[in-house]
Amino acid sequence: MKQLIEILEDVNPGVDYNTCTDLVDGGYLNSLSILAIVAELEEAFDIVISTVEVTPKNFNSAQSLWEMVLRLKEE
Amino acid sequence: MLPLSSYFSLLYLAILLPGTVLAYTVLPQKYRRAVLLLSSYAVFWLVSGKLLCYLLFSTISVHHIGLWLENTQLEANRLLETAPKETRKDIRARTQQRRKKIVAFGIAVQFGILLALKYGAFFISNFNELADLMKVTVKLPVPSVILPIGISFYTMQAASYMLDVYRENIPADRNLMRLALYMSFFPQLMEGPICRYSETAQQLWDAPPMRWKNLMLGLQRILWGIMKKMVVADRLNLLITEAFDNYVHYDGFMIAAAVVCYTVQLYMDFSGTMDLVLGSGQIFGIKLPENFQRPFFSRTIQEFWRRWHITLGAWFRDYVFYPISLSAPIKKLPLLLQKRLGRTYGFIFSSIPALFCVWLCNGLWHGAGWNFIFFGMYHFALILVENIMEPPAVWLAKRLHINRDGILYRCMQIVRTAVLFCIGELFFRASSLKAGFAMFKKIFTDFTLARVKDNTFFSHGADKHDFLIVVVTLALILAVGCIQERGVSVRQWIEKRNLAVRLSLWYLLILFIVIFGAYGTGYIPVDPIYAGF
């Protein structure tokens, strides 16, 4: 989780990722930052994130992103 | 047969909507959904007549594709239960391939119909011109077809349903009537919003009971929409039509004024229609997605498109931008480009293919014409430049100690965004791309205030009185927008006032429309602009 938050802060600084729960719905992440996060997560955690996973539900908070990463790692 | 031209017609406001509300209120729940479906098909029939068969075909075929996709997956799941471990991967891959072909077939059928009906004439006439240029003696007959109303909107809904079933975001709907209602719900049939199955299908099927509060809130929003349309959009129509149709006779100031007026008209017409559409839905307790979020408060073009025609932008983002950006070959681009351009620019430049496709589709979606393609490409270029310029702009602001969140800087950004959008609208409304460029050129080469000085400017369909009414109404809408931007719901505020205040506000709004609405002799109401797309 710590590594994930570091990635988020690196890609899109200026947001409190420990508390924010509307990263997509609140407009904190735009399409470009989402693409950057996908690329960084894929490389850092050796996973493949498909289009189906790019939903506000998965990208709205660091916690939901982390849950997605864990699920994809298991698969 | 009585023709239905728009949601603002008396036929809709005085007969269809009240009739449906009445039937919906008195009938028990199990019949309410049938009332909604029958009214939806009645609206479609009144606008497009026999072309209703296109909607019926789309609904039935989409229903079938959904079931086909799901049954293929279920069949594979059954096989997987008993299959040896080493063959499971192969079964999964084969199933995925098969489902991909099914969804591709479904999409090809839906968009094939749209392409043939909407773009057939455009492609063929361009082919003929090209053949002419190359001195080839081939002349294909250019078809003349009438589009079924809302085909661009319901095709997008059909595609999103199939893709969501394919992605297993939603289960396939085995109930044809529920799917039919999702595809055709009458308030959103002509001009959207483009709904997702997961947002509206079940709401419509549940057909919630009629509530007094919903009825009042819905009517309130409908009145607000009527005000935008009748007081502002219709009032500016004559001036805009005159200036765009006969631009050769007018100077740059007149053209610039017509472009600004057209942008205002388009916003008032489309957002006013959305108020009416969402208000109609609210009467039945149905929450349709918002399509506008005060776009003229946007600081960038990207933000503008997140606030303008929101459901169309979201559709292109989810079904075009992400699938292209996350496809295997494009996915490799950021890492390759990062080495040469650094991370920020690596991502910006790797987004070009997807961004280009989105804006090409966006332009074409609005119409079959080179000016629409140019409109799309113009916004593609603006967004790309915005992305490229953002890092140096941040750096420069830091060096010059400029507060980018300060009121002055924000206002400057808002004005710049509005001006850039207006320029795009010039080409959007122009009769052709050539006419668009000629008008744009005139703004700079033939700019004179002579018509204002001798007052002839006010004799082309909108006089001083018209402009005063438009400005006052826009000031009112702007004031409401400013309050909403601060997160305050004006409608909830009104809701909490006592009956006397609420009745007075209702009375004032109705009176305002009756007195200042542009109707009767001397006015031609603007056709529903987005219904034409």
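This brings us to the overall build of chain B. Secondary structure summary: chain B contains 23 helices and zero strands in total. Its C-alpha radius of gyration of 25 Å places chain B within 12% of the 24 Å reference for a compact globule of 533 residues. For chain B, the C-alpha atoms occupy an extent of roughly 85 × 70 × 60 Å along the three principal directions. By the burial criterion, 51% of the 533 residues in chain B qualify as buried. In chain B, the proportion of contacts linking residues at least 24 apart, taken out of those at least 6 apart, comes to 76%. Summed over all atoms, the accessible surface of chain B reaches about 25,800 Å², with 67% contributed by carbon and sulfur. Looking at charge distribution, chain B has the averaged site of its 55 positive side-chain charges lying 7 Å from that of its 33 negative ones.

This next bit is on the interface of chain A and chain B. Taken together, the contact pairs 19 residues of chain A with 17 residues of chain B. The largest share of the area that chain A buries against chain B comes from Leu32, Leu35 and Thr51 of chain A, three residues that together contribute 36% of it. Between Glu42 of chain A and Lys331 of chain B there is a salt bridge, with the nearest N and O atoms lying 2.5 Å from each other. Counting residues per element, the ones that place at least two in the side of chain A that touches chain B are helix H1 (2–11) and helix H2 (31–45) of chain A.

A few words on the confidence of the model for chain B. Interpretation of the predicted coordinates at a detailed level should be avoided for regions scoring low in pLDDT. When pLDDT is averaged along chain B, the result is 91, and 97% of the positions lie at 70 or above. The secondary-structure element of chain B with the lowest mean pLDDT is helix H20 (residues 450–453) of chain B, recorded at 83, while helix H6 (residues 176–184) of chain B shows the highest, at 96.

Residues and elements named next belong to chain B. Per the counting criterion, the structure on display carries 49 aromatic pairs over all chains. A centroid spacing of 6.2 Å and a plane angle of 65° characterise the contact between Trp305 and Phe421, whose relative ring orientation is edge-to-face. Of the two residues, Trp305 sits in helix H12 (residues 301–307) while Phe421 sits in helix H18 (residues 407–429), which places them 116 residues apart along the sequence. With respect to class, Trp305 is no different from Phe421; both count as buried. Joined through ring pairs, the aromatic side chains of Tyr267, Phe270, Phe292, Phe296, Phe304, Trp305, Trp308, Trp359, Phe372, Phe375, Phe421 and Phe428 make up one cluster.

Attention now goes to the pattern of salt bridges. Residues and elements named next belong to chain B. For the structure shown, the criterion picks out 19 salt bridges over all chains. Between Asp318 and Arg196 there is a salt bridge whose closest N-O contact spans 3.1 Å. Residue Asp318 is located in helix H13 (residues 310–325), and its partner Arg196 is located in the loop between helix H7 (186–189) and helix H8 (197–206); the two are separated by 122 residues in the primary sequence. The pair Asp318 / Arg196 is uniform in exposure class, with both members buried. Close ionic contact of Asp234 with Lys229 constitutes a salt bridge, the shortest N to O distance being 2.8 Å. Where salt bridges share partners, they join Arg221, Lys228, Asp275 and Glu290 into one cluster.

This part covers a nonpolar patch on the surface. A cluster of nonpolar side chains, Phe127, Leu130, Leu133, Met134, Val136, Val138 and Leu140 of chain B, forms an exposed patch at the surface whose accessible area comes to about 660 Å². Along the chain, Val136 of chain B falls in the loop between helix H4 (85–133) and helix H5 (151–166).

So, about the packing of helix H3 (residues 52–82) of chain B against H6 of chain B. Any two packed helices are characterised by the angle at which their axes cross and by the distance between the axes. Residues and elements named next belong to chain B. Close contact between H3 and H6 brings their axes to 10 Å; oriented N to C, the two are set at 130°. It follows from the interaxial angle that H3 and H6 lie oblique. Crossing of H3 against H6: the hand is right-handed. On H6, the residues that touch Leu55, Ser58, Thr59, Ile60, Val62 and His63 of H3 are Leu176, Leu179, Ala180, Met183 and Ser184. Residue classes in the contact of H3 with H6 are distributed as seven nonpolar, four polar and no charged.

What follows covers helix H9 (residues 212–233) of chain B. An ideal rise of 1.5 Å per residue puts 32 Å on 22 residues; H9 of chain B measures up with 30 Å between its terminal C-alpha atoms. Across the 22 residues of H9 of chain B, 16 count as buried, placing the element largely inside the fold.

Once that is clear, we can look at the nonpolar core. Grouped together as the largest cluster of nonpolar side chains are 174 residues, with contacts concentrated most on Leu41 and Phe59 of chain A together with Tyr161 and Phe284 of chain B. If we skip the residues at most four places from it in the chain, Leu41 of chain A touches Leu4, Ile7, Asp46, Ile47, Ile49, Leu65, Met68 and Val69 of chain A.

Looking now at the domain arrangement of chain B. Frequently, the measure chosen for interface size is the accessible area that the parts lose on association. Residues and elements named next belong to chain B. Taken domain by domain, chain B consists of domain 1 (10–210), domain 2 (212–292 + 433–533) and domain 3 (302–429). Measuring from the centre of the C-alpha atoms in domain 1 to the corresponding centre in domain 3 gives 29 Å. Residue-level contacts link 16 residues of domain 1 with 16 residues of domain 3. Buried area between domain 1 and domain 3, summed over both chains or domains, comes out near 1,400 Å², and the portion from carbon and sulfur atoms is 64%. Applying the counting criterion to the domain 1 and domain 3 interface returns one salt bridge. Applying the counting criterion to the domain 1 and domain 3 interface returns 11 residue pairs in polar contact (both at pLDDT 80 or more). For the side of domain 1 that touches domain 3, the secondary-structure elements that each account for two or more residues are H4 and H5. Here the side of domain 1 that touches domain 3 takes seven residues from H5, the largest share from any one element. In the side of domain 1 that touches domain 3, the residues fall into nine nonpolar, three polar and four charged.

Let us now look at the confidence of the model for chain A. The predicted model of chain A has a mean per-residue pLDDT of 89, with 100% of residues at 70 or higher. When mean pLDDT is compared element by element in chain A, helix H4 (residues 62–74) of chain A scores highest at 92, while H2 of chain A scores lowest at 88.

Turning our eyes to something else, we now look at the side chain of Gln157 of chain B. Residue and element names in this part refer to chain B. Note on placement: Gln157 falls in helix H5. In terms of polar contacts, Gln157 uses its side chain to reach the backbone carbonyl oxygen of Tyr182, at 2.9 Å. Here Gln157 is in contact with Tyr182, Met183, Gln188, Pro193, Ile194 and Cys195, once residues within four sequence places are set aside.

Calculation rules
- Residues numbered from 1 in each chain as written.
- Chains lettered and ligands numbered in written order.
- Predicted model: local features only at pLDDT ≥ 70, side-chain atom pairs only at ≥ 80, totals over all residues.
- Heavy atoms only, no water.
- Helix = DSSP H or I, 4+ residues; strand = E, 2+ residues; numbered from the N terminus.
- Rg over C-alpha atoms; globule rule 2.2 N^0.38 Å.
- Buried < 20%, exposed > 50% of the residue type's maximum accessible area, 1.4 Å probe, protein only.
- Contact = heavy atoms within 4.5 Å.
- Areas by Shrake-Rupley, 256 points an atom, 1.4 Å probe, with all protein chains shown as cover.
- Lys, Arg positive; Asp, Glu negative; His and termini not counted.
- Charge placed at Lys NZ, Arg CZ, Asp CG, Glu CD.
- Buried area = accessible area lost by both parts, 1.4 Å probe.
- Salt bridge = Lys/Arg side-chain N within 4 Å of Asp/Glu carboxyl O.
- pLDDT = per-residue confidence, 0-100.
- Phe/Tyr/Trp six-rings, centres within 6.5 Å; stacked < 30°, edge-to-face > 60°.
- Patch = residues over 30% accessible without salt bridge, like charges linked within 9 Å, V, L, I, M, F, W, Y side chains within 5 Å.
- Axes fitted to C-alpha atoms, helices over the stretch in contact; angles between N-to-C directions.
- Parallel < 35°, antiparallel > 145°, perpendicular 65-115°, else oblique.
- Left-handed = near helix turned anticlockwise from the far one by under 90°.
- Nonpolar A, V, L, I, M, F, W, Y, C, P; charged D, E, K, R; others polar.
- Expected span 1.5 Å × (residues − 1).
- Core = buried A, V, L, I, M, F, W, Y, C linked by side-chain atoms within 4.5 Å.
- Domains from an automatic or database assignment.
- Polar contact = N/O pair within 3.5 Å; in protein donor to acceptor, adjacent residues only side chain to side chain.

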